[in-house]
2 protein chains.
Amino acid sequence: MFDDRSAAERLGDALESRGETLAVAESCTGGLLGSTITGVPGSSAYFVGGVLAYTDRTKRQLLAVSRESLERHGAVSETVASAMARHVRDETGADWGVSTTGYAGPTTDDPETPVGTVFIGIAYAGRDSTDASEGAAEPFAVVEHHQFDGTREEVKERIVEQAVASLLERV
Amino acid sequence: MFDDRSAAERLGDALESRGETLAVAESCTGGLLGSTITGVPGSSAYFVGGVLAYTDRTKRQLLAVSRESLERHGAVSETVASAMARHVRDETGADWGVSTTGYAGPTTDDPETPVGTVFIGIAYAGRDSTDASEGAAEPFAVVEHHQFDGTREEVKERIVEQAVASLLERV
C-alpha cells in the first residue's frame, strides 16, 4: 500500500481542527485518493466521500461536467478539473472539493498529451489563505497542472501525494 | 499497494468479453475497490466509476439511501448494502453495481457489531447465473455478509479481495 499516511494524517488533523470537511472527485486515480484519506482512523469526522468519474459519461452524469467542456477541452483539462472539484463540493455540502483528472498510462486518448499529465482541482468557499485581500470570500477553484513519470501505479501514487500536499498547504 | 491485480484483471477480462460495465458504491473501503479495479490498464472499457459514501449523509445524498433504512438497520446492514449497489447501478447505467459497507476499525459506531463486519452488495439486471429458472431476468441485488480479522488496512484489503472474487464468480 502506498505509504503517505503521515501527510494524510496531517491533512486530517488540519481539517478536524478547523471543523471542515472534504469531498473528492477522482478520475485517473480511480479511488486511490479516497482510500489514502480514509486510511486514517477517524477520517469520517472530516471526509464525506465523493465521486469516481472514470469515463466522460460518468463525469457528465455524476459531476454535471458539460458536454461542451469535454468536447472543447478534453477530459484531461483545467476546465474539467475545476468543474469536478466545484461540483462535488456543492453536491455533498463539503467545505473542500478536490479533483484529479489525467493520464496514468500506459497510453493516452490524446496523442498531444503525454502520459503522466494531470490536473488537480481544489474548490473552497472561504478566502484563499494565500490571498490577503479583503472580500475574497467567494467560492473559488484553483487548478494545478503537473507532469509525472513512472508506471501507471507510480503515476497514480504521485498524483495522490501531490493532491494531499496541495490540500495541506491550503487548508 | 494491495496486490490482487490478477483477480482484478480476470474480472476485467470477463466484463469486457461480455461487453458489460461496472460501477462501485464504497463506504468502508473508501476508494480501494475502485483503485484496485482501475489498476488494470484499459479498465475504462468496463469501469464507469461510482460513489464514495463515507458518511450517512453522503449515502442519502449521493445514493438515495433512505433515512429510515439508516435509522432502522444502521449503515452497516444488508438493507443499506443492497440499496447502495442498486442505486449506483441505476444512476450510472452500468450493468453491474457493487457496494461495500462495514467497520474497518479500529472502532465501530455500534457496540453490537464487531470490527471487521462487512456487507457486500451486488446488483445486476440480467439473470443470475446461478439461477437456472426461466424468467429470472428482473434486476436483483444479492448481499453477502462477511467477518474479517486484521488491522484497518488489512480489513479493507480483505473486503476488496472478496468483492472482486464475488463479482468474478457472478459475471
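Preceding this section is the structure that the text describes.
Residues numbered from 1 in each chain as written. Chains lettered and ligands numbered in written order. Predicted model: local features only at pLDDT ≥ 70, side-chain atom pairs only at ≥ 80, totals over all residues. Heavy atoms only, no water.

**Student:** Explain the pairing of strand β1 (residues 22-26) of chain B here, please?
**Tutor:** Within a regular strand, side chains alternate between the sheet's two faces. All names here are of chain B. β1 sits mainly inside the fold: five of its five residues count as buried. Of the two faces of β1, the one lined by L22, V24 and E26 and the one lined by A23 and A25 are each fully buried. Of the strand pairs in this sheet, β1 and strand β2 (residues 47-53) are connected by five bridges, and their pairing is parallel. Within β2, the residue paired with A25 across the bridge is V51. Following the chain from β1 across helix α2 (residues 32-37) to the adjacent parallel β2, one finds a crossover that is right-handed. (Buried < 20%, exposed > 50% of the residue type's maximum accessible area, 1.4 Å probe, protein only. Helix = DSSP H or I, 4+ residues; strand = E, 2+ residues; numbered from the N terminus. Pairing = 2+ DSSP bridges. Right-handed = clockwise from strand over helix to strand, strands pointing away.)

**Student:** What am I meant to see in the side chain of A:R89 here?
**Tutor:** Mapping A:R89 onto the fold places it in helix α5 (residues 78-92). Among residues more than four places away in sequence, those in contact with A:R89 are A:A94, A:D95, A:W96, A:G97, A:A123, A:Y124 and A:A125. (Contact = heavy atoms within 4.5 Å.)

**Student:** Would you explain the interface of chain A and chain B in this entry?
**Tutor:** Buried accessible area, meaning the area lost when the parts come together, often serves as the stated size of an interface. Taken together, the contact pairs 38 residues of chain A with 38 residues of chain B. Summed over both sides, the interface of chain A with chain B buries roughly 2,800 Å², with 54% coming from carbon and sulfur. Viewed at the interface, chain B and chain A are joined by zero salt bridges. At the boundary of chain A with chain B, the tally comes to 18 residue pairs in polar contact (both at pLDDT 80 or more). Taken together, the elements giving at least two residues each to the side of chain A that touches chain B come down to β1 (22-26), α2 (32-37), β2 (47-53), α3 (56-63), α5 and α6 (152-170) of chain A. Top contributing element to the side of chain A that touches chain B by residue count: β2(A), with seven residues. Pairing of β2(A) with β2(B), which is carried by five bridges, proceeds in the antiparallel orientation. (Buried area = accessible area lost by both parts, 1.4 Å probe. Salt bridge = Lys/Arg side-chain N within 4 Å of Asp/Glu carboxyl O. Polar contact = N/O pair within 3.5 Å; in protein donor to acceptor, adjacent residues only side chain to side chain.)

**Student:** Explain the environment of A:L167 to me, please; I cannot follow it from the model alone.
**Tutor:** All names here are of chain A. Assignment of secondary structure puts L167 in helix α6. Looking at L167, the relative accessible area reads 0%, which means it is buried. Spatially, the C-alpha atoms of L167 and S77 are 19 Å apart, while their sequence positions differ by 90 residues. For L167, the residues in contact, after removing those within four places along its chain, are L11, L22, W96, V98 and I122.

**Student:** I keep staring at the relation of the copies chain A and chain B and nothing clicks. Help me out?
**Tutor:** The pair of chain copies shares a relation made of a rotation about an axis and a shift along it. When chain A is fitted to chain B, the best match, at an RMSD of 0.0 Å, comes from turning it 180° and sliding it 0.0 Å along the axis. Taken together, the turn and the small shift mark the pair as related by a two-fold rotation axis. An overlap of 100% is found between the interface residues of chain A and their copies at the interface of chain B, pointing to a shared contact surface. (Least-squares fit on C-alpha atoms with pLDDT ≥ 70 in both.)

**Student:** Where do I start with the pattern of salt bridges in this structure?
**Tutor:** Where side chains of opposite charge bring their charged atoms close, a pairing between them can arise. Residues and elements named next belong to chain A. Summed over the entire model, instances satisfying the criterion amount to four salt bridges over all chains. The salt bridge partner of R18 is E20, with a shortest N-O separation of 3.1 Å. By relative accessible area, R18 is classed as partly exposed at 42%. You can call E20 buried: its relative accessible area is 11%. A salt bridge links D90 to R89; the nearest nitrogen and oxygen atoms lie 3.3 Å apart. Judged by its relative accessible area of 57%, D90 is exposed.

**Student:** Whenever I open this one, the packing of helix α3 (residues 56-63) of chain B against helix α5 (residues 78-92) of chain B confuses me. Can you help?
**Tutor:** Packed helices, taken two at a time, are described by the angle their axes make and the gap between the axes. Residue and element names in this part refer to chain B. Across the interface, α3 lies against α5 with an axial gap of 10 Å and an inter-helix angle of 35°. Crossing of α3 over α5 shows left-handed handedness. Taking contact as the criterion, the partners of K59, L62 and L63 in α3 are, on α5, V80, M84, H87 and V88. Across the contact of α3 with α5, the residue classes break down as five nonpolar, one polar and one charged. (Axes fitted to C-alpha atoms, helices over the stretch in contact; angles between N-to-C directions. Left-handed = near helix turned anticlockwise from the far one by under 90°. Nonpolar A, V, L, I, M, F, W, Y, C, P; charged D, E, K, R; others polar.)

**Student:** Hey, could you run me through the sheet that holds strand β4 (residues 117-124) of chain B in this one?
**Tutor:** Strand-to-strand pairing in sheets goes through backbone hydrogen bonds, with the strands running parallel or antiparallel. Reading across the sheet, the 10 strands line up as β5(A)-β4(A)-β3(A)-β1(A)-β2(A)-β2(B)-β1(B)-β3(B)-β4(B)-β5(B) and stay open at both edges, with mixed pairing between neighbours. At either end of the open sheet lies a strand with only one pairing partner, and these are β5 (140-147) of chain A together with β5 (140-147) of chain B. Pairs of neighbouring strands in the sheet enclose a mean axial angle of 15°, with direction left out of account. Packing against the sheet, α5(A) makes contact with β1, β2, β3 (96-102), β4 (117-124) and β5 of chain A, and its axis sits at approximately 145° to β3(A).

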